[in-house]
Amino acid sequence: MNEGFGVRSLHPSVMLMYYAGGMTFGMLLFHPVILLCGWAASIIFNLHMDGGKAWKRWAVPALSALLFLLVLNPLVSHRGRTVLFYWGDIPITLESVVYGVTMACSLMNLVTLFISYRILITEHKFLYLFARVSPKAALLTMMASGLVPRLRRRMQELMIVQKTRGISVTQGSLVLRARHGTRLVGNLLSWALEDALQTADSMQARGYGTGPRSAYPAFRFRVRDGAAAAGLLIAAAVIFFLWSRGNGYLTIYPRLGSVSLSNGDISVLVVYILFLLLPLGWEWRDRKTWQALNYKT
Amino acid sequence: MASVELQNLTFHYPDLRTAALSNLSLSVRGGEFVVLAGPSGSGKSTLLRLLKREVSPGGRLSGSILLDGRPLEAWPAREAASAVGLVMQHPDNQLVVDSVEHELAFGMENFGMERSAMRRRMAEIAGFFGLEPLLSRRTDELSGGQKQTVNLASVLMLQPQLLLLDEPLAQLDPLAARDLLGMIKRLNDEWGITVIMSEHRIDDLLPLADRVVRLERGGLAFDGPPRGFAEEAWRRQEPSWVEALPAVTRWALSQPHSETIRDSGPPPLSVKEARQLLDRGHLAAESGSTRQSPSSAAARKPLLQADGVFFAYDKRSPAVMSGLEWTIRQGDRIALFGGNGSGKSTLLRLLAGLFPPQRGEVLLEGVKLKRLPEAERYTRIGYLAQNPLLHFAYDTLEEDLFQAARRAECPDPAAEVRRSAERFGLQRLLDRHPHDLSGGERQLGALAMALFGRPQLLLLDEPTKGVDAAAKTRLAAHLRTVHESGTTMVIATHDVEFSAAYANRCSLLFQGEIVADEEPETFFQGNLFYATPLHRLLNSLTSSPAEEADVR
């Protein structure tokens, strides 16, 4: 996907703000209706990013976790005044059922946000954010992610060739296989160490450790980033304010309150949805310009 | 522009009595292109590493190294690191991070450069090397030549004045090597960077270099211009000197009237120069070697047959082999050519039965490979991978050989190991760890292991890669005796000269099929690219009668 387009063009720090807010509110606003609406918004967000491809991949495990929570919570938690029925001698209360539903919604929210996070915060953006906190750790991450595929390919080669010498993990008794396996891994490691010495030389030769480092990945903070950050901050402030006044969450224990939304709840809901969909504004705007471009030609 | 001055440099590695470098004095002017020649272990790498302070080996050093008239130790750390750039042999191991763009930026980051300055320099260097299309790629997806180009570019990001290259071409195929060499020459010509480059095979380098410095046992054996080197080498007639010459030079100097060449000017170093000499009538065009063709190939019994072999690594990736038909006959010594990534290695692995083709069959004496039990298959068909290190699994060479001999069911493995070590000249190395052997020694060790089972067929993948000339001659001699004892051989290689001297059949793999399969003389005569420099020189002269008639 085009990195300079729509949501993807936003500065990593703005995206970080978005995800920090989205995840916080996904846990703070503990109301099934609000969370369900938030979930819908997050899914819309996901659909805009990659047509829901990544979300589909995650859907089955996520939904099974949802079902699991729905069933489990009433079975293990017996808090609440309103007993619906007894399962054997286990009381199933309305409160714990509603709590389970709300928690499941909250979890779905987080998972859905995380999926779009994985699409949007590329390695590059992550490093940009991370390298300021700890340049060494960032370098280490990069080196590791370069090393792993190299080792994996070496291992494949080694296994193919060592097979001709009868050293293989697919044949023979379990003990023999284990012994061959450790031999192969040992070989791979001594080889990797040997190579690492040369890598270290190459790093030193290019002045590693001669003084403070800087970081190459660069993102410019543009006007649209400022606008997006301001919008997100205002929305977050409003939500916090309303939340601290007792809006936007459901009193479940000890006795379930009214599920219907008060005026305050509705305001929280609206601002929350605005918060979640705000970055999409750029996506829509940029898509329009593409359309205009296409009509012309 | 950096000048280098070595004054009475002597260096001892710890624990070693003999000096790695002894009393070496040398001065390199700014902007010179110096080729460092010499056999393995003559101190080339040691010298280059001493010039690069950050990676200089520990040991006793006397004498002084002056860079731009200032002792190397007196340079501040950052300046020293950026003034001298070093590119080493293995393309893979010099890469530090995962993406090309980041790899290029790594050095600049170490120097704490500003982002805008880094981007600017990135734009310049990436442009110079034509790396823009690769910037977003992962480094492990690149080919060897591309990796080495990235390594060179990332060193140049620091704008060094002195570029040290420690056998940068040894692991590359000839085409990639030539590209990289062209790039280095351009840097030297256009930017005036001083270049000191060591290499086993200096025949491609001689026409480009300003100066050749030859080391022998840590001392200076020659220091002068390339043509002077060619004359000196010819005067000495020592194999290790003559081997370093380009094939054309060797040929021209070995002609009966070579004195006239010497009178008429310096010896030719390239095909072009040799042609000019020929045109001036100083040389007679007669190819010295008209080798006897072996007994007609078709008469011999087929040993291994590939019948419509089709292979792809992935459902979505393109086919590597597409309906390949090939017959290897008993007694063949085949050189298998093919471009980079044409699937030579894959083909050898398919023929060795290391993995099965998706369609088609490989038959060993009429029996399908997949019908043969694995142990028998791997004993009857020996396979040597491109990297011989892959074949070793134990802590010493002796243990490795012993296990291989035992697996081949030799009656007395220990005695067999001794015999084989003697045969390949590995006795002194038996207690070494395989990692401590040189490339040529590893190659011989792996060959020894494969031969315990007395294979009928031996498949070798690039056995001459990264091996110096002496080791190559040794390997060729061993392969010849192995062949004489009745083993058929297939050698996948880029080394045209090696196979011209050695093979009795040449095959060319292209787009998943064998497109040429002939005797060497006919094969090389028709080719311009897969041909030795000598063939290129002579091909252009012996034009066919038909063409001559047309001219008249």
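Residues numbered from 1 in each chain as written. Chains lettered and ligands numbered in written order. Predicted model: local features only at pLDDT ≥ 70, side-chain atom pairs only at ≥ 80, totals over all residues. Heavy atoms only, no water.

## Re the overall build of chain A
Looking only at helices and strands, chain A has 10 helices and two strands in total. Listing the helices and strands of chain A from first to last along the sequence gives α-α-α-β-β-α-α-α-α-α-α-α. In terms of C-alpha radius of gyration, chain A reaches 26 Å, well past the compact-globule figure of 19 Å for 297 residues. Oriented by its inertia axes, the alpha-carbon framework of chain A measures out at about 70 × 65 × 45 Å. When the 297 residues of chain A are sorted by exposure, 44% land in the buried category. Considering only residue pairs separated by 6 or more positions, chain A has 76% of its internal contacts joining residues 24 or more positions apart. Summing over all exposed atoms, chain A offers an accessible surface of approximately 15600 Å²; the carbon and sulfur share of this is 69%. Measuring between centres, the 30 positive side-chain charges of chain A sit 3 Å from its 13 negative side-chain charges. (Helix = DSSP H or I, 4+ residues; strand = E, 2+ residues; numbered from the N terminus. Rg over C-alpha atoms; globule rule 2.2 N^0.38 Å. Buried < 20%, exposed > 50% of the residue type's maximum accessible area, 1.4 Å probe, protein only. Contact = heavy atoms within 4.5 Å. Areas by Shrake-Rupley, 256 points an atom, 1.4 Å probe, with all protein chains shown as cover. Lys, Arg positive; Asp, Glu negative; His and termini not counted. Charge placed at Lys NZ, Arg CZ, Asp CG, Glu CD.)

## Re the environment of B:Glu376
Residues and elements named next belong to chain B. Tracing the backbone shows Glu376 in helix H13 (residues 374-380). For Glu376, a relative accessible area of 32% translates into the label partly exposed. Taking the C-alpha atoms as reference points, Glu376 and Pro168, separated by 208 residues in sequence, lie 40 Å from one another.

## Thoughts on the pairing of strand S8 (residues 194-198) of chain B
All names here are of chain B. Counting buried positions over the five residues of S8 gives five, a clear majority of the element. Burial of S8 is two-sided: the residues Thr194, Ile196 and Ser198 facing one way and the residues Val195 and Met197 facing the other way are all buried. Sheet analysis places strand S3 (residues 33-37) next to S8, joined by four bridges and oriented parallel. Within the sheet, the bridge partner assigned to Leu36 lies in S8 and is Ser198. Two elements, strand S7 (residues 162-166) and S8, share five bridges in a ladder whose sense is parallel. Considered in S8, the bridge of Leu165 is made with Met197. Handedness of the β-α-β unit built from S7, helix H6 (residues 174-191) and S8 comes out right-handed. (Pairing = 2+ DSSP bridges. Right-handed = clockwise from strand over helix to strand, strands pointing away.)

## Some words on the UniProt feature "transmembrane region" (unreviewed entry) in chain A
All names here are of chain A. Per the UniProt record, "transmembrane region" (unreviewed entry) is found at residues 16-46, 58-76, 97-120, 126-148, 226-244 and 264-282. Helix makes up 100% of residues 58-76 and strand 0%, with an end-to-end C-alpha separation of 27 Å. Annotated as 100% helix and 0% strand, the span residues 97-120 places its first and last C-alpha atoms 35 Å apart. (UniProt positions renumbered as here; feature names shortened; annotations may be inferred.)

## Focus: the interface of chain B and chain A
With 57 residues of chain B at the contact, the number on the chain A side is 50 residues. Between chain B and chain A, the buried area comes to about 4900 Å², and carbon and sulfur atoms account for 51% of it. Linking chain B to chain A there are six salt bridges. In this structure, B:Glu109 and A:Arg213 form a salt bridge, with 2.8 Å as the shortest nitrogen-oxygen distance. Here chain B is connected to chain A by 31 residue pairs in polar contact (both at pLDDT 80 or more). Among the secondary structure elements, those contributing two or more residues to the side of chain B that touches chain A are helix H2 (77-83), helix H3 (100-110), helix H4 (115-129), helix H5 (144-156), H13 and helix H14 (397-407) of chain B. With nine residues, the top contributor of residues to the side of chain B that touches chain A is H3(B). Partitioning the side of chain B that touches chain A into residue classes produces 28 nonpolar, 12 polar and 17 charged. (Buried area = accessible area lost by both parts, 1.4 Å probe. Salt bridge = Lys/Arg side-chain N within 4 Å of Asp/Glu carboxyl O. Polar contact = N/O pair within 3.5 Å; in protein donor to acceptor, adjacent residues only side chain to side chain. Nonpolar A, V, L, I, M, F, W, Y, C, P; charged D, E, K, R; others polar.)

## Looking at helix H1 (residues 12-28) of chain A
All names here are of chain A. Between the first and last C-alpha of H1 there are 24 Å, a value that for 17 residues agrees with the 24 Å anticipated at 1.5 Å per step. Inspection of H1 places Pro12, Val14, Met15, Tyr18, Tyr19, Gly21, Gly22, Phe25 and Gly26 among the buried residues, and these make up the whole buried set. In this structure, the buried residues of H1 make contact with helix H2 (32-50), helix H4 (94-120), helix H5 (123-133), helix H8 (223-244) and helix H9 (263-277). (Expected span 1.5 Å × (residues − 1).)

## Remarks on helix H7 (residues 226-236) of chain B
Those residues of H7(B) that fall on the buried side of the exposure criterion are B:Pro226, B:Phe229, B:Ala230, B:Glu232, B:Ala233 and B:Trp234. In the stretch just after H7(B), B:Gln237 is the one whose phi turns positive, near 60 degrees.

## Some remarks on unusual backbone geometry
For the bond running from A:Tyr253 to A:Pro254, omega is -10 degrees, close enough to zero to count as cis. The phi angle at B:Gln237 is positive, at roughly 60 degrees, despite the residue not being glycine. For B:Gln511, which is not glycine, the phi torsion reads 50 degrees and is therefore positive. Here B:Gln511 lies in the loop between strand S19 (505-510) and strand S20 (513-518). B:Gln511 gets classed as exposed once you look at its relative accessible area, which sits at 62%.

## Some thoughts on the pattern of salt bridges
As enumerated under the stated definition, the model contains 35 salt bridges over all chains in all. Salt-bridge contacts for A:Arg153 lead to B:Asp140; the nearest nitrogen and oxygen are separated by 3.7 Å. With one member in each of two chains, A:Arg153 in helix H6 (residues 135-163) and B:Asp140 in the loop between H4 and H5 form a pair that bridges those chains. In this structure, the salt-bridge partner of B:Arg250 is B:Glu497, at a minimum N-O distance of 3.8 Å.

## A short note on a positive patch on the surface
Residue and element names in this part refer to chain A. A contiguous patch of positive charge on the surface is contributed by Lys53, Lys56, Arg57 and Arg118. In terms of residue count, the dominant contributor to the positive patch is helix H3 (residues 53-76) (three residues). Structurally, Arg118 can be placed in helix H4. Residue Arg118 is classed as exposed on the basis of its relative accessible area of 56%. (Patch = residues over 30% accessible without salt bridge, like charges linked within 9 Å, V, L, I, M, F, W, Y side chains within 5 Å.)

## Here we look at the packing of H8(A) against H9(A)
Residue and element names in this part refer to chain A. Put simply, H8 and H9 touch, their axes get as near as 9 Å, and they point 155 degrees apart. For the element pair H8 / H9, the angle class is roughly antiparallel. Crossing of H8 over H9 shows left-handed handedness. Between H8 and H9, the residues in contact are Leu232, Ala235, Ala236, Val238, Ile239 and Leu242 and Ser267, Val268, Val271, Tyr272 and Phe275, respectively. Its residues assigned to classes, the contact of H8 with H9 comprises 10 nonpolar, one polar and no charged. (Axes fitted to C-alpha atoms, helices over the stretch in contact; angles between N-to-C directions. Parallel < 35°, antiparallel > 145°, perpendicular 65-115°, else oblique. Left-handed = near helix turned anticlockwise from the far one by under 90°.)

## A short note on the sheet that holds strand S1 (residues 4-12) of chain B
All names here are of chain B. With respect to topology, four strands assemble into an open sheet ordered S2-S1-S4-S5, the strand pairing being antiparallel. Each having just a single partner strand, strand S2 (21-28) and strand S5 (70-71) make up the two edges of the open sheet. Where S1 and strand S4 (residues 60-67) come together, seven bridges link them in antiparallel fashion. Residue pairing across strands places Gln7 opposite Ser64, the latter belonging to S4. Contacts from helix H1 (residues 44-51) reach S1, S2 and S4, with the element oriented near 120 degrees to S1.

## Points about the environment of B:Gly144
All names here are of chain B. Relative to the helices and strands, Gly144 resides in helix H5. In this structure the C-alpha to C-alpha distance between Gly144 and Pro463, which are 319 residues apart in sequence, comes to 17 Å. In this view, Gly144 contacts Pro91 and Leu172; residues no more than four positions away in its chain are not counted.

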